[in-house]
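# Structure assessment
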Amino acid sequence: QVQLVESGGGLVQAGGSLRLSCAASGSFFSLNTMGWYRQAPGKQRELVAAITSGGSTNYANSVKGRFSISRDNAAKMVYLQMNNLKPEDTAVYYCNAKRGQIILSWGQGTQVTVSS
């Protein structure tokens with residue numbers, strides 16, 4: 001069973017940076033596609049960025065050029081570097097693990113608040 005624990009959220013001014021981390025437990029981490037999602041109040045959860053087992057990445061258009069996802073398979077970690085943050089990036093950010101189209105687990109979420 002996969003368990004995910006996010007950390008690194010907080011309050012930052014617009015234009016600032018944060019780095020989110022997601023620690024995973026369980027076997028075969030390197031086979032999973034790992035993703036970061038976010039959910040703002042009153043809105044649906046949306047994909048922010050994802051990275052496959054082979055290292056391919058994809059990003060939401062709203063964060064391209066500002067956010068970067070990476071993974072360390074040996075440490076079972078996935079990261080989201082967020083630069084040039086905007087107030088509209090304010091949300092709870094969740095880590096997600098998938099194998100194919102099967103969702104293995106969600107983390108508990110970490111709050112990111114960007115002040116203007």
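The structure displayed is predicted, hence computed values, not measured ones.

Rules used throughout
Sequence order as written defines residue numbering, which begins from 1 separately in each chain. For this predicted model, a pLDDT threshold of at least 70 governs which residues receive local features, and a threshold of 80 or more governs which side-chain atom pairs are given and counted, while totals over whole chains, interfaces and linings are taken from all residues. Excluding hydrogens and water, the side-chain figures rest on all heavy atoms present in the structure. Any two strands between which DSSP finds at least two bridges are classified as paired. Strands are runs of DSSP state E lasting at least 2 residues, helices are runs of H or I lasting at least 4, and numbering of each runs from the N terminus. Relative accessibility under 20% of the residue-type maximum defines a buried residue, over 50% an exposed one, and the middle range a partly exposed one, all with a 1.4 Å probe and only protein chains included. Counting of polar contacts relies on pairs of N or O atoms within 3.5 Å, with two restrictions inside protein: one atom must be capable of donating a hydrogen and the other of accepting it, and residues adjacent in sequence are counted only when both atoms are side-chain atoms. Here, residues are in contact when the closest pair of their heavy atoms is within 4.5 Å. Every angle, taken between N-to-C directions, lies between 0 and 180 degrees, and every axis is a line fitted to C-alpha atoms, over only the stretch in contact when it is a helix. By convention in these notes, a salt bridge is any Lys or Arg side-chain nitrogen within 4 Å of a carboxyl oxygen on Asp or Glu. Put simply, two rings from Phe, Tyr or Trp (the six-membered ring, in Trp's case) pair if the centres are within 6.5 Å, and we call them stacked under 30 degrees between planes, edge-to-face over 60, tilted for the rest. Criterion for a charge above a ring: Arg CZ or Lys NZ at most 6 Å from the ring centre, at most 35 degrees from the ring normal.

## Regarding the pairing of strand β10 (residues 102-106)
As paired elements, strand β9 (residues 91-99) and β10 share four bridges and run antiparallel to each other. Bridge pairing in β10 links Lys98 to Ile103.

## Topic: the side chain of Asn32
Mapped onto the secondary structure, Asn32 falls in the loop between β3 (18-25) and β4 (33-39). Its relative accessible area of 1% is what places Asn32 among the buried residues. A distance of 2.6 Å separates the side chain of Asn32 from the side chain of Arg99, its partner in a polar contact. Excluding residues that lie within four positions of it along the chain, Asn32 makes contacts with Val2, Ile51, Thr52, Ser53, Arg71, Ala97, Lys98, Arg99 and Leu104.

## What about the sheet that holds strand β8 (residues 77-82)?
An order of β1-β3-β8-β7 is seen for the four strands of this open sheet, with the pairing classed as antiparallel. Either end of the sheet is taken by a strand with one partner, and the two such strands are β1 (3-7) and β7 (67-72). Recorded for the sheet is a direction-independent mean angle of 15° between the axes of neighbouring strands.

## Some points on the pattern of salt bridges
Tallied over the full model, the rule gives three salt bridges. For Glu46, the salt bridge is made with Arg38, and the minimal N-O distance between the two is 2.7 Å. The salt bridge involving Arg66 is made with Asp89; its shortest N-O contact spans 2.7 Å. Taken as a pair, Arg66 in the loop between β6 (57-59) and β7 and Asp89 in the loop between β8 and β9 lie far apart in primary sequence, 23 residues in all.

## Observations concerning the packing of aromatic side chains
This model, assessed by the stated rule, comprises two aromatic pairs. Aromatic pair Tyr37 and Trp106: ring centres 4.9 Å apart, planes at 70°, arrangement edge-to-face. With Tyr37 in strand β4 and Trp106 in strand β10, this pair connects stretches of sequence that are 69 residues apart. What makes Tyr37 buried here is its relative accessible area of 17%. Geometrically, the ring pair formed by Tyr94 and Trp106 is edge-to-face, given 6.4 Å between the ring centres and 90° between the ring planes. One end of the pair, Tyr94, is in strand β9; the other, Trp106, is in strand β10, with twelve residues separating them in the sequence. Its relative accessible area of 33% is what places Trp106 among the partly exposed residues. Here the aromatic residues Tyr37, Tyr94 and Trp106 are joined through ring pairs into a cluster of three or more. Sitting over the ring of Trp106, Arg45 keeps its end group 4.5 Å from the ring centre. Arg71 extends its terminal NZ or CZ atom over the ring of Phe29, reaching a point 4.8 Å from the ring centre.

Purely geometric stuff here, so don't read any function into it on its own.
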